[in-house]
Amino acid sequence: MVDAKGRKCLTFFLMLPESVKSRSSKSSKKGSPSSSSKLPPVCYEIITLKTKKKKKMSAEIFPTKKPVPATTVQQYQQQNLNNNNTIQNCNWQGLYSTIRERNSVMFNNELMADVHFLVGSTGSVQRLPGHRYVLAVGSSVFHAMFYGELAENKDEIRIPDVEPAAFLAMLKYIYCDEIDLSADTVLATLYSAKKYIVPHLARACVNFLETSLSAKNACVLLSQSCLFEEPDLTQRCWEVIDAQAELALKAEGFCDIDVTTLESILQRETLNAKEIVVFEAALNWAEAECQRQELTVSIDNKRKVLGKAVYLIRVPTMGLDDFANSAAQSGVLTLNETNDIFLWYTAAKKPELQFACKERKGLSPQRCHRFQSCAYRSNQWRYRGRCDSIQFAVDKRVFIAGFGLYGSSCGSAEYSAKIELKRQGVLLGQNVSKYFSDGSSNTFPVWFEYPVQIEPDTFYTASVVLDGNELSYFGQEGMTEVQCGKVTFQYQCSSDSTNGTGVQGGQIPELIFYA
């Protein structure tokens, strides 16, 4: 069409019900019987739009969607971190292309919040906003709380047994489908996920704990895994505690466990530790328990808080020197107990003791042998301080306790060995010791001070620097993959090796490990 001024126009005919027109007209009367007694006839509205003279290309008619400026998105994301936020853009929904992104905007947001949570213990309470529908979709507990038969219509809900950071982590998963865990909050988040039955978040917490499991936190996680009824995590904790018992018992976290967990550790048959280390760890725990119970830290109170757990320590299996210089002088044992244990060491007729007298079985080390044969020659294998090295990976978590090494091929001889274990250049364990070889082709063990935890699917570097003038045996016909029990080892050459050791031949024929 052309308007009165000769300009081109586009004309649209919009079909509207008469009732709509009558409501929009100022002259229509409220409650007119004619508008409600019969079907509305069709009427027409004419809307004319002016057009520009310049023709537009298709790219201009259907422009590509402009990306949302990063600063704008960051602005709204930052609002989610601040309780009591407001959305200034009335069309904020248009900034996000998916329902997940739009739903994420509501996380920790006062906008449209219809419930609030007072989270945390007295003195550290935080008021957090929530939206009943979103929470009910994410948790059956929230659904029962807000829409169940016994639902209470409270505007504020007190949650004193959950940490605010953990509750926020759970809300972030429910609102944003994002899992944000840290070592400081993962246990509290697991508790929150268990309490409100958010199973996928709980599983993620357990996976996080399993991957971060070490001797330093194994005892604490053992206590928590029993509380949360996570048998897989419990088993992983026991594997670490058994293999690295002395490190686990000396860790600060050991003093934080409950008495039930203490008893389960003290009576563990496969605990791979000297009994004097077990005894000293129990005393450290007793001191911490006295402080928790607000008791004076004294010998009598230590014995009191230990209770019957003291008899789970296998004191008679200590070396006589360890007992005489430590346990006997600790004051925790009574005079009669000390005398009876001394008689147990020395007398032909041994007295009856309340303490367990049988040594722990500990763990039996396994050996992964990577060569099919060995040999010796008159001009090799010499050392003179050069490094023999090999890289390996496993498909399951193991604990490397040491290496099996070849010895002299020219009669008995003594070697000095410096062994190391690295991961991506980071030193995980090392030890310097001597071993005596008898001239046979057998391997001779050299041990780390403590077993080193090895994670699956990552290559580690095993190295040894030997010092000895004698020629030694060396391996040959090496294998790139070896199945040892339930563990598969893979080998590859190491750039650290400067003495000829590789996959096909050389030193370090065995890895000694616990699994």
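Definitions and limits used
Every residue gets a number counted from 1 within its own chain, in the order that chain's sequence is written. In keeping with the model being predicted, local features are shown solely for residues with a pLDDT of at least 70 and side-chain atom pairs are shown and tallied solely at 80 or more, while totals for entire chains, interfaces and linings include all residues. Where side-chain values are given, they derive from all heavy atoms of the structure, hydrogens and water being excluded. UniProt positions are given in the numbering used here, feature names are shortened, and annotations may be inferred rather than shown by experiment. Only strands that DSSP links by at least two bridges are regarded as paired with each other. Segments assigned H or I by DSSP are reported as helices when at least four residues long, segments assigned E as strands when at least two residues long, and all are numbered from the N terminus. Only the stretch in contact is used when fitting a helix axis, every axis being a line fitted to C-alpha atoms; angles between N-to-C directions are given from 0 to 180 degrees. The contact criterion used throughout is that any non-hydrogen atoms of two residues lie within 4.5 Å. Two N or O atoms form a polar contact when they lie within 3.5 Å of each other; inside protein one atom must be a possible hydrogen donor and the other a possible acceptor, and for residues adjacent in sequence the pair counts only when both atoms belong to side chains. When accessible area is computed with a 1.4 Å probe and restricted to protein chains, residues below 20% of their type maximum are described as buried, those above 50% as exposed, and intermediate ones as partly exposed. We count a salt bridge whenever a side-chain nitrogen from Lys or Arg sits within 4 Å of a carboxyl oxygen from Asp or Glu.

- In the annotation of an unreviewed UniProt entry, the protein is listed under the name BTB/POZ domain-containing protein 3 and assigned to Clupea harengus.
- Under the UniProt heading Subunit (unreviewed entry), the note attached to the protein is "Interacts with cul3. Interacts (via BTB domain) with zbtb16/plzf."

1. Focus on the sheet that holds strand E4 (residues 126-130)
Thinking step 1. If you walk across this open sheet you meet the 3 strands as E4-E3-E5, and the pairing is mixed. The sheet is open, and its two borders are formed by E4 and strand E5 (156-159), each paired with just one other strand. Adjacent strand axes in the sheet meet at a mean angle of 25° when their direction is disregarded.
Thinking step 2. Inspection of the sheet shows strand E3 (residues 115-119) paired to E4 by 5 bridges, in the antiparallel sense. Each bridged residue has a counterpart across the sheet, and for Val119 the counterpart in E4 is Gln126.
Thinking step 3. Sheet contacts for helix H8 (residues 164-176): E3, E4 and E5; angle to E4, the most-contacted strand, approximately 10°.

2. Some details on the side chain of Ser408
Thinking step 1. Relative to the assigned elements, Ser408 resides in the loop between strand E9 (398-406) and strand E10 (413-423).
Thinking step 2. Looking at Ser408, its side chain comes within polar contact range of the main-chain oxygen of Gly411, at 2.8 Å.

3. A look at the sheet that holds strand E12 (residues 443-454)
Thinking step 1. Reading across from one edge, E6-E17-E9-E12 is the order of the 4 strands in this open sheet, with antiparallel pairing throughout. Only two strands of the sheet have a single partner each, and these edge strands are strand E6 (366-369) and E12. In this sheet, adjacent strand axes meet at a mean angle of 25° when their direction is disregarded.
Thinking step 2. Sheet analysis places E6 next to strand E17 (residues 510-514), joined by 4 bridges and oriented antiparallel. What sits directly across from Arg367, in E17, is Ile512.
Thinking step 3. Set on the sheet, helix H12 (residues 231-243) makes contact with E9, E12 and E17; between it and E9 the angle comes to about 40°.

4. Quick notes on helix H16 (residues 299-306)
Thinking step 1. Listed in full, the buried residues belonging to H16 are Asn301, Lys302, Arg303, Val305 and Leu306.
Thinking step 2. Packing partners of the buried residues in H16 comprise helix H14 (259-266), helix H15 (275-292) and helix H18 (335-346).
Thinking step 3. At the C-terminal side of H16, Gly307 shows a positive phi close to 60°.

5. Details of the pattern of salt bridges
Thinking step 1. Considering all chains together, one arrives at 17 salt bridges under this definition.
Thinking step 2. The residue Lys172 makes a salt bridge to Glu178 at a minimum N-O spacing of 3.8 Å.
Thinking step 3. According to the relative accessible area criterion, Lys172 is partly exposed, its value standing at 21%.
Thinking step 4. Its salt-bridge partner being Arg367, residue Glu510 comes within 2.9 Å of it at the nearest N-O pair. With Glu510 in strand E17 and Arg367 in strand E6, this residue pair connects regions lying 143 residues apart in the sequence.
Thinking step 5. The class of Glu510 is buried, set by a relative accessible area of 9%.
Thinking step 6. For Arg367, a relative accessible area of 37% gives the class partly exposed.

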